[in-house]
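# Structural description and commentary
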Amino acid sequence: MSKFWSPFVRDLVPYVPGEQPKLSRLVKLNTNENPYGPSPRALAAMQAELNDSLRLYPDPNGDRLKQAVADYYGIQTDQVFVGNGSDEVLAHAFHGLFQHGEPLLFPDVTYSFYPVYCGLYGIPFETVELDERFQIRVEDYARPNGGIIFPNPNAPTGCLLALEAIERLLQANPDSVVLVDEAYIDFGGQSAIALVDRYPNLLVTQTLSKSRSLAGLRVGLAVGHPELIEALERIKNSFNSYPLDRLALAGAAAAFEDRAYFDKTCAAVIASREAVVVGLQGLGFEVLPSAANFVFARHPQRDAAELAARLREQGVIVRHFKQARIAQFLRISIGTPEQNQALLDALGAL
């Protein structure tokens with residue numbers, strides 16, 4: 001603590017990201033990265049940007065990327081916002097759309113960055129309990145609020161909320177922004193972007209870190225009514241007019257344009273996820289239904305923290321959360337078939 005800090009800094013509780021170990025030869029299944037590399041077309045597009053043009057600023061609007069996203073989803077470019085990772089996009093949404101006095105609502109078991117942003121921007125919030133199967137109950141959100149946010153599929157559970165249920169939530173909250181955080185939607189769900197033309201209070205965020213294998217590039221986006229997008233643009237241009245560099249803009253656009261590679265790698269991850277579920281169940285684990293590139297599992301007779309520590313001794317890293325309600329679960333990212341088998345072999349040995 002320093003006398004030079006602004007007063008609010010003292011009380012901030014920062015987000016803790018998943019470990020990025022420096023050791024080699026580890027089976028790293030703790031941060032939900034894609035086990036397959038980026039699209040070759042994305043890599044080629046980025047290589048093409050390594051020239052004298054790097055002395056020039058990038059396009060502050062990201063027009064080519066916005067067009068690629070609009071073409072992919074069949075929407076207009078004024079419905080698209082792009083930023084430096086979906087976390088930055090979410091931060092702008094919290095700042096620009098959720099400061100209304102009433103509490104922001106989100107699940108009690110969810111992405112742990114949400115309360116961090118509330119602390120950063122002074123936004124009151126209330127958590128809404130998931131049911132006994134760790135599912136969102138739409139009717140529980142029928143209370144006064146200054147906005148609603150949740151991941152779909154949820155994190156860290158992987159459970160999916162059906163599009164029909166999202167529509168009911170939107171209809172019940174016409175005066176609040178409902179933000180659907182779709183970091184993992186491409187691994188088994190239907191995007192709520194299909195609803196944006198009908199609901200002006202809907203904002204959908206996505207990332208290229210997961211399904212498009214570009215976690216190292218830091219590209220995120222939002223889709224919604226042009227008036228919601230304008231709010232994000234106003235925040236962005238009051239904070240950083242150039243959030244995406246030339247390489248990021250080129251690589252991200254090319255990744256959206258390479259649909260064949262995207263479909264192939266998503267299908268591979270989904271197939272591996274189902275194989276991991278079968279393997280874990282064979283070892284006695286309970287596995288929540290997942291539509292993400294990870295699974296959330298617990299063993300009725302083994303402590304999760306101990307399992308995580310013992311796995312690490314065998315060179316396999318998974319994510320364990322200390323939150324009381326989920327303290328006996330492990331979140332396990334889906335890797336290559338070889339990595340997944342190493343996980344199952346290590347668990348079998350335990």
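The text that follows walks through the structure, step by step, so that each part is easy to find. Bear in mind the structure is a predicted one, so any value in this text is a computation, not a measurement.

Ordered by their spatial adjacency, seven strands build an open sheet running β2-β8-β7-β6-β5-β3-β4, and the pairing between neighbours is mixed. With one partner strand each, in any of the chains shown, β2 (80–83) and β4 (125–128) form the two edges of the open sheet. Sheet twist, expressed as the average angle between the axes of neighbouring strands with direction ignored, equals 20°. Pairing of strand β5 (residues 147–151) with strand β6 (residues 178–181), which is carried by four bridges, proceeds in the parallel orientation. The partner of Phe-150 across the bridge, within β6, is Val-180. Taken strand by strand, helix α4 (residues 113–121) contacts β3 (104–107), β4, β5 and β6, and its axis lies near 160° from that of β3. Contacting β2, β7 (202–207) and β8 (220–224), helix α6 (residues 226–236) crosses the sheet at an angle of about 25° to β2.

Let us now look at the packing of aromatic side chains. Summed over all chains, the structure comprises 15 aromatic pairs. Ring geometry for Tyr-57 against Tyr-242: centres 4.6 Å apart, planes inclined by 20°, an arrangement best described as stacked. Of this pair, Tyr-57 sits in the loop between α1 (40–48) and α2 (63–73) while Tyr-242 sits in the loop between α6 and α7 (246–257); the two residues are 185 residues apart in sequence, bridging distant segments of the chain. Using a relative accessible area of 35% as the deciding quantity, one classes Tyr-242 as partly exposed. Ring geometry for Tyr-111 and Phe-113: centres 5.9 Å apart, planes at 70°, overall edge-to-face. Ring-pair connections join several aromatic residues into one group, and the members of that group are Phe-94, Phe-98, Phe-106, Tyr-111, Phe-113, Tyr-114, Tyr-117 and Phe-125. Here the basic side chain of Arg-212 rests over the ring of Tyr-72, its NZ or CZ set 5.0 Å away from the ring centre. One cation-aromatic arrangement involves Arg-331 over Phe-294; the distance from NZ or CZ to the ring centre is 5.8 Å.

The rules we used
Residues numbered from 1 in each chain as written. Predicted model: local features only at pLDDT ≥ 70, side-chain atom pairs only at ≥ 80, totals over all residues. Heavy atoms only, no water. Pairing = 2+ DSSP bridges. Helix = DSSP H or I, 4+ residues; strand = E, 2+ residues; numbered from the N terminus. Axes fitted to C-alpha atoms, helices over the stretch in contact; angles between N-to-C directions. Contact = heavy atoms within 4.5 Å. Phe/Tyr/Trp six-rings, centres within 6.5 Å; stacked < 30°, edge-to-face > 60°. Buried < 20%, exposed > 50% of the residue type's maximum accessible area, 1.4 Å probe, protein only. Lys NZ or Arg CZ within 6 Å of the ring centre and 35° of its normal.

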